[in-house]
Amino acid sequence: MKTSSKSLDKCQVKVSVTLDAEEMKGIVKDVEGVFLREAQLPGFRKGKVPIQVIRKEFADGLKQEIQRAMFQKKYADAIKAEEIDEVALADVQDMKFDEKGGSFVAIVEQKPKFKLPTYKGLKVEFKDAKVEDAAVKDQLERLRAAYAKYEDAKDGEAVADGDFVQIDYEGMIGKKKILEINPEAKIVGEGKGFWTQVEEGRFLPEILDALKGMKAGETKEGVKAKFDKESAPEGLKGAKAEYTVTLKSFRRRILPTDAEFAEKAKAESFEKLSAQIRESMEKNAVDQEAIRRENEAVELLMKKVDFDVPESQVRRAMDGYLQELAQRAQYSGLNAEYFEKNRDKILKDAEAAAEKQVRLWYVLDAIAAAEKIEAKDEEKGKKVIEFVLANAKK
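These remarks concern the structure in this document.

About the cut-offs
- For every chain, the first residue of the written sequence is number 1, and numbering continues from 1 along that sequence.
- Totals for whole chains, interfaces and linings use every residue, but because this is a predicted model, local features are given only for residues with pLDDT of at least 70 and side-chain atom pairs only at 80 or more, for both listing and counting.
- The side-chain quantities take in all heavy atoms of the structure and omit both hydrogens and water.
- Helix and strand labels come from DSSP, where a helix needs a run of H or I of at least four residues and a strand needs a run of E of at least two; each type is numbered from the N terminus.
- Note on contacts: a residue pair qualifies if any of its non-hydrogen atoms lie within 4.5 Å across the two residues.
- Lining residues are those with an atom within 4 Å of a point, where the points come from a 1 Å grid over the protein atoms alone and group into cavities, where a 1.4 Å probe fits but cannot get out, or pockets, open sets with protein on both sides within 12 Å along at least five of seven lines.
- Grid points are joined across faces, edges and corners, and a volume is the space filled by probe spheres set on the points.
- Classes in brief: Ala, Val, Leu, Ile, Met, Phe, Trp, Tyr, Cys and Pro nonpolar; Asp, Glu, Lys and Arg charged; the others, Gly included, polar.
- Two strands are said to pair when DSSP picks up at least two bridges between them.

1. Describing the environment of Tyr147
- Along the chain, Tyr147 turns up in the loop between α4 (133–146) and β5 (149–152).
- Sequence separation between Tyr147 and Gly201 is 54 residues, and the spatial gap between their C-alpha atoms is 20 Å.
- If sequence neighbours within four positions are ignored, Tyr147 has contacts with Pro256, Phe261, Lys264 and Ala265.

Okay, structure coming up:
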């Protein structure tokens, strides 16, 4: 057997295999022997069909089996002879044989060859995972708000943060009503008896700000608002509007006292609740900082390398990326229309992410080999990143 190889793009190599007459004769003899033992034709007993008849009656089957046997017997030897670090067989071409010999061409994906980047002494920023008192206080107040009660406002009381308000409003752009410009923009155009909460993100921020301090029955005119250039409805992008807002009624938010808050949260005291919240936030901060450092180390490593990776591995990684995206979409409410509209971008992003992931696998595996880091596949990458961070410049 003679072999030769030629490197192609995308980690592929073309392996040409040639068998001489004697090698091919042996393969043909073995295959024909099987047909001689197993063939059954009318007028002949099993195992007694003449070879000339078999060659005529089973010509196509014989050819396919001889080609299969030729490839099966010689492919592994050819890969070894050419010292190819195989990932996958991509294609088999030009399978031929006759009395003079046989040949075939295999297109094989091989592991990439690349220069291992410098991975010791990376300049990774190590931040303190501190939790400020203000952050703990903010978290406590958010939790306190979850246990709030709501009561109808009394005469003369004014709207404050967190209250639920019932309003009438109408927006104008210039001398035109918003609904005249875009009848579909109902939520930002006008409302009657509309309930919302005076809390960031609940409604148009300019209207929410205007409501603070208002009393039931009061009206404010000329409340200015500006629509976003990207996300606003058609006809309103970047436009400046003015609203007339009437506060019809509202319900006051009554926050629990420290003692009531601790009781509802099933804590021994407000002080112990505060300590528990701080401990949880500090643990989360440590975890998030660890993830940030790992991501920074990975980015620094990947900036130092750029090499092709096997397409079959990219496809598998891409499938995993798209499956994860589909699962996230179910929870976020994205529908099929979104995916169809953004199909090209989604696939392009998925391919780029998959290529980066596969490239990272090879880099981490190479570092593990260089440093003799042994672990199961799912743990090896983490151990390598830990090694990189332990040897980073702080």
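2. Description of the layout of surface pockets
- The volume enclosed by the largest pocket comes to roughly 740 Å³.
- Forming the walls of the largest pocket are 28 residues, and the residues nearest its centre are Gln357, Val358, Leu360, Trp361 and Tyr362.
- The set of elements that each furnish at least two residues to the lining of the largest pocket consists of α9 (270–302), α12 (343–371) and α13 (377–390).
- It is α12 that contributes the most residues to the lining of the largest pocket, ten residues altogether.
- Here the second largest pocket is characterised by a volume of approximately 340 Å³.
- Taken together, 16 residues make up the lining of the second largest pocket; nearest its centre are Asp161, Val198, Glu199, Glu200 and Arg253.
- Mapped by element, the contributors of at least two residues to the lining of the second largest pocket are α4 and α7 (205–211).
- Tallying contributions element by element places α4 first for the lining of the second largest pocket, with four residues.
- Of the residues assigned to the lining of the second largest pocket, the class counts are five nonpolar, two polar and nine charged.

3. Observations concerning the pairing of strand β3 (residues 86–98)
- Sheet topology places β3 next to strand β4 (residues 101–110); nine bridges connect them, and they run antiparallel. Paired with Asp91 across the strands is Ile107, a residue of β4.
- In this antiparallel pair of consecutive strands, β3 and β4, the connection spans two residues.

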